[in-house]
Amino acid sequence: MIQNPKARRLLAAVRGRTVAIMGGSFNPAHEGHLDIALLALQKLRADEVWWMVSPQNPLKTADGMAPFEARKDSAERMARGHPRIRVTDIEVLLGTRFTADTLGTLIAGAPFTRFIWVMGADNLVGFHRWAQWQQIFNSVVIAVFDRPTYSLRALSGPAARRFAKARHRQRSGWRLGRRRAPAWVFFHTPLNALSATSIRYGSDRPDGKCRTRQKQ
């Protein structure tokens, strides 16, 4: 049972809708995030996209991580003018830390809402290191969008191999929100090389690696 009043109002507002959730640090939010959100709205026929700003990614060091409110503000600025993109602090409201726990709480608290977990191919590469990653695959449908240089590693990685039989064709991606988990689609879409790392460190390399370790 969700106790937080703000969280309960948020879930009541999307009852019966299809919501694509993009979780991340958004350190800072950038056009790559926006590109994927707009593709999710189009390809998945989602009613809205949530940018779920994480208080602290368990797999990332806090070194170089901007304060939560600053990251949330950057996401709100990037999403401005896109009414179907909602920036949310739902993990703060729920008091959850791991994605599996957050999604489990949302699914239990909003049984009439269709949730789709959205991530880039770079996240699929290391997805097997996420806490309870198989539970995530078994509880919510997943849309993976291609990222430069990650396609082959993502599709040959442990998570993709483990759930290979649950993968659906890209052209049927618009049905994903109405499928039962486990079900996932890999979208080969126009690629945006921009990353939060390249923004923080001033790199213009397409792989997001830094030309220098000196912050600007």
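Numbering of residues begins from 1 in every chain and follows the order in which that chain's sequence is written. Reporting of local features is limited, given that this is a predicted model, to residues whose pLDDT is at least 70; pairs of side-chain atoms are given and counted only at 80 or more, and all residues count toward the totals for whole chains, interfaces and linings. Note: side-chain values were computed over all heavy atoms of the structure, leaving out hydrogens and water.

## Section: the sheet that holds strand S6 (residues 167–168)
Keep this limit in mind: Strands pair, by our definition, only if DSSP identifies at least two bridges between them. Here a helix means four or more residues in a row that DSSP labels H or I, a strand means two or more in a row labelled E, and each is numbered from the N terminus. Only heavy atoms matter for contacts: two residues are in contact if any of them lie within 4.5 Å across the pair. Angles here are taken between N-to-C directions and fall from 0 to 180 degrees, while the axes themselves are lines fitted to C-alpha atoms, restricted in helices to the stretch in contact.
The 7 strands are arranged S3-S2-S1-S4-S5-S7-S6 in an open sheet whose pairing can be described as parallel. Strand pairing shows two members of the sheet lacking a second neighbour, strand S3 (85–88) and S6, which therefore form its edges. Each of strand S1 (18–24), strand S2 (48–53), S3, strand S4 (114–120), strand S5 (141–145) and strand S7 (184–187) is contacted by helix H2 (residues 31–43), which is oriented at about 145° to S2, the strand it contacts most. The strands touched by helix H3 (residues 68–79) within the sheet are S2 and S3, with S2 carrying the most contacts at an inclination of about 160°.

## Observations regarding unusual backbone geometry
Geometrically, the link from Asn27 to Pro28 is a cis peptide bond, its omega value of 0° lying close to zero. Relative to the assigned elements, Pro28 resides in the loop between S1 and H2. Following Ala181, the chain continues to Pro182 via a peptide bond in cis, the omega torsion being 5°. Relative to the helices and strands, Pro182 is located in the loop between S6 and S7. Despite not being glycine, Phe26 has its phi angle at roughly 50°, a positive value. Residue placement: Phe26 occurs in the loop between S1 and H2. Even without being glycine, Gln132 reaches a positive phi, approximately 55°. Counting through the fold element by element, Gln132 comes out in the loop between helix H6 (121–125) and helix H7 (133–139).

## A closer look at the packing of aromatic side chains
We apply this condition: Two rings from Phe, Tyr or Trp (for Trp, the six-membered ring) form a pair when their centres sit within 6.5 Å of each other. Planes less than 30 degrees apart are called stacked, planes more than 60 degrees apart edge-to-face, and all others tilted. Only protein chains enter the accessibility calculation, which uses a 1.4 Å probe; a residue is then buried when its area is under 20% of its type maximum, exposed when over 50%, and partly exposed in between. Charge-over-ring placement is defined geometrically: NZ (Lys) or CZ (Arg) within 6 Å of the ring centre, and within 35 degrees of the ring normal.
The full count for this structure, using the stated rule, is 9 aromatic pairs. Ring centres 4.6 Å apart and planes at 45° place the aromatic pair Phe127 and Trp130 in the tilted group. The residues Phe127 and Trp130 share a single accessibility class, namely buried. Ring geometry for Phe137 against Trp184: centres 6.2 Å apart, planes inclined by 85°, an arrangement best described as edge-to-face. You can see Phe137 sitting in helix H7 and its partner Trp184 sitting in strand S7, a full 47 residues away along the chain. As far as the burial class goes, Phe137 and Trp184 line up, both buried. Looking at Arg162, its charged tip hangs above the ring of Phe163, at a distance of 4.5 Å from the centre.

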